[in-house]
Amino acid sequence: MVRRGGDTAAKLSGRRKAAILLLTLGPDVAAAIYKNLSDPEIEQITVEIATMENLDMASVNQTVEEFYHTALAQQYISQGGIGKAREILEKAVGSQRALEIIGRLQGALQVSPFDFVRRVEPEHLLSFIQGEHPQTIALILSHLPAEQAASIISALPPEQQAEVALRIATMDQTAPEITREVERVLERKIATVLSQEFTMVGGVEALAELLNRVDRSTERSIMETIEAENAELADSVKKLMFVFEDIILLDDRAIQQVLKEVDQKELAMVMKGASEEVAEKVFSNMSARAAEIIKEDMEFMGPVRLRQVEEAQQRVVAIIRRLEESGEITITRGEEDLVV
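Residues numbered from 1 in each chain as written. Predicted model: local features only at pLDDT ≥ 70, side-chain atom pairs only at ≥ 80, totals over all residues. Heavy atoms only, no water.

*Asks:* Any chance you could explain the overall build of the protein here in plain terms?
*Replies:* A tally of helices and strands in the protein yields 18 helices and four strands. Going through the 340 residues of the protein one by one, you find that 41% of them count as buried. In the protein, of all internal contacts separated by at least 6 residues, the share reaching a separation of at least 24 is 74%. For the protein, the exposed surface amounts to about 19300 Å²; the carbon and sulfur share of it is 51%. (Helix = DSSP H or I, 4+ residues; strand = E, 2+ residues; numbered from the N terminus. Buried < 20%, exposed > 50% of the residue type's maximum accessible area, 1.4 Å probe, protein only. Contact = heavy atoms within 4.5 Å. Areas by Shrake-Rupley, 256 points an atom, 1.4 Å probe, with all protein chains shown as cover.)

Put into structure tokens, the structure is as follows:
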């Protein structure tokens, strides 16, 4: 029930404002929004809706207006930055209201370093950075989504690919002033301004994720160079490039080939820690009798240490990598691996 007097929007909690907004938007839209909320959030908002009785129209109007201007602010920021968003909002709602809206968004507006580069097409970005020092390129690529970084490193000359890859893998922390200076150079080239905080970037995991997305020839070229320069680093990258759960990426023939190489008791240990999806994939490529024996071995084995399971799974991963390197199986990573 909505009335003219009572609560004022200024006194309403965030949960109550969310409940008011969902009631105003209607059940269909509210249901769609619920799908994107966590269970605790759904429970909290549902309680607010259930206990809501007398609510004045002013609170409803102000809540909807606040949501509208906040949404507009986020749109303006994505299109032209915080400064542009503030300028437009000031014209629409006045300086004070604009500052309040921008203030509420400050926490969500902490953009990551080189965030502006993510909106630049890879081929355009390549033209901006390909003449830079390998360390500079590594710093930039380390802040990009793996898919975007992969397309860029694939387009670099082979000798530059390996140099940049090595620097990504061995990168740890980057001082803010260095990153700001690199951003300033790109600012002049791309006409974008961005600030950043001290961040951890790069490392073996970043390189492994990147290599998982490049084409096979680029991956081999980079890994051969890394192996020649730093065999231990190359081994660390290889271990991360294919994890045990990625078995679901193998086709049935490849699964069967791998199973021939794995001892029955080792497989029982491996399957103790397998997800339901992996277990289904593996057991579906065995005879019913063989699958039953493995399951019996798993039960007979009883509780085992997680470390033992992970070590066994890593040995299976090593088998998969060996079979792939010998050309006996193929790990499908993208369109380049499709067979017709």
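*Asks:* Where do I start with the packing of aromatic side chains in this structure?
*Replies:* Two aromatic rings, taken as a pair, are described by how far apart their centres are and by the angle between their planes. The tally for this structure, following the rule as stated, stands at zero aromatic pairs. Cation over ring: K295 sits above F283, and NZ or CZ is 4.9 Å from the ring centre. (Phe/Tyr/Trp six-rings, centres within 6.5 Å; stacked < 30°, edge-to-face > 60°. Lys NZ or Arg CZ within 6 Å of the ring centre and 35° of its normal.)

*Asks:* So what exactly am I meant to see when it comes to helix α7 (residues 134-142) here?
*Replies:* Along an α-helix, residues three or four apart share an orientation, since each turn contains 3.6 residues. Of all nine residues that make up α7, eight are buried, and the element is covered over most of its length. Looking only at α7, the buried set comprises P134, T136, I137, A138, L139, I140, L141 and S142.

*Asks:* What's the story with the side chain of D297 in this structure? I'm lost.
*Replies:* Tracing the sequence through the fold places D297 in helix α17 (residues 288-301). This buried residue, D297, is left without a salt bridge; K265 holds the nearest opposite charge, at 4.7 Å. With residues up to four places along the chain from it excluded, the contact list for D297 reads Q264 and A268. (Lys, Arg positive; Asp, Glu negative; His and termini not counted. Salt bridge = Lys/Arg side-chain N within 4 Å of Asp/Glu carboxyl O.)

*Asks:* Would you mind showing me how to read the side chain of N285 here?
*Replies:* Relative to the assigned elements, N285 resides in the loop between α16 (276-283) and α17. The class of N285 is buried, set by a relative accessible area of 11%. For N285, the side chain forms a polar contact with the side chain of D252, separated by 3.3 Å. Reaching out from N285, the side chain makes a polar contact with the side chain of Q256 at a distance of 2.9 Å. (Polar contact = N/O pair within 3.5 Å; in protein donor to acceptor, adjacent residues only side chain to side chain.)

*Asks:* Looking at this structure, how should I read the environment of K239?
*Replies:* You can see K239 is positioned in helix α13 (residues 231-241). Taking the C-alpha atoms as reference points, K239 and V317, separated by 78 residues in sequence, lie 7.7 Å from one another.

*Asks:* Is there a simple way to think about empty space enclosed by the protein in this case?
*Replies:* Over the atoms rolls a probe the size of a water molecule, and its path tells where empty space is left. Under the definition given, this model contains one cavity of 30 Å³ or more. Estimated volume of the largest cavity: approximately 80 Å³. Surrounding the largest cavity, 13 residues form its lining, I247, V258, L259, V282 and V316 being those nearest its centre. Contributions of two or more residues to the lining of the largest cavity are made by α14 (252-261), α15 (264-272) and α18 (306-325). In terms of residue class, the lining of the largest cavity is made up of 13 nonpolar, no polar and no charged. (1 Å grid on protein atoms, 1.4 Å probe; cavity = no way out; pocket = protein on both sides within 12 Å on 5 of 7 lines; lining within 4 Å. Points joined across faces, edges and corners; volume = space filled by probe spheres on them. Nonpolar A, V, L, I, M, F, W, Y, C, P; charged D, E, K, R; others polar.)

*Asks:* Please clarify how the pattern of salt bridges should be interpreted in this entry.
*Replies:* Working definition: two side chains of opposite charge can pair if their charged atoms are close together. The final tally for this structure, using the stated rule, is six salt bridges. Its salt-bridge partner being R322, residue E261 comes within 3.2 Å of it at the nearest N-O pair. One end of the pair, E261, is in helix α14; the other, R322, is in helix α18, with 61 residues separating them in the sequence. Across the salt bridge formed by E311 and R307, the nearest N and O atoms sit 3.1 Å from each other. Taken together, the residues E311 and R307, both in helix α18 and four residues apart, mark about one turn of the helix.

*Asks:* Please clarify how a nonpolar patch on the surface should be interpreted in this entry.
*Replies:* Judged by side-chain polarity, L25, V29 and I33 come together as a nonpolar surface patch covering roughly 200 Å² of accessible area. Relative to the helices and strands, V29 resides in helix α2 (residues 27-34). Assessed through its relative accessible area of 39%, V29 is described here as partly exposed. (Patch = residues over 30% accessible without salt bridge, like charges linked within 9 Å, V, L, I, M, F, W, Y side chains within 5 Å.)

*Asks:* Where do I start with the packing of α7 against helix α9 (residues 158-170) in this structure?
*Replies:* Running from amino to carboxyl end, α7 crosses α9 at an angle of 60 degrees, the nearest separation of the two axes being 8 Å. Considering the angle they form, α7 stands oblique to α9. Both α7 and α9 take part in a crossing whose hand is right-handed. Judged by residue contacts, P134, Q135, I137, A138, L141 and S142 of α7 engage Q160, E163, V164, R167 and I168 from α9. The residue makeup of the contact of α7 with α9, split by class, is six nonpolar, three polar and two charged. (Axes fitted to C-alpha atoms, helices over the stretch in contact; angles between N-to-C directions. Parallel < 35°, antiparallel > 145°, perpendicular 65-115°, else oblique. Left-handed = near helix turned anticlockwise from the far one by under 90°.)

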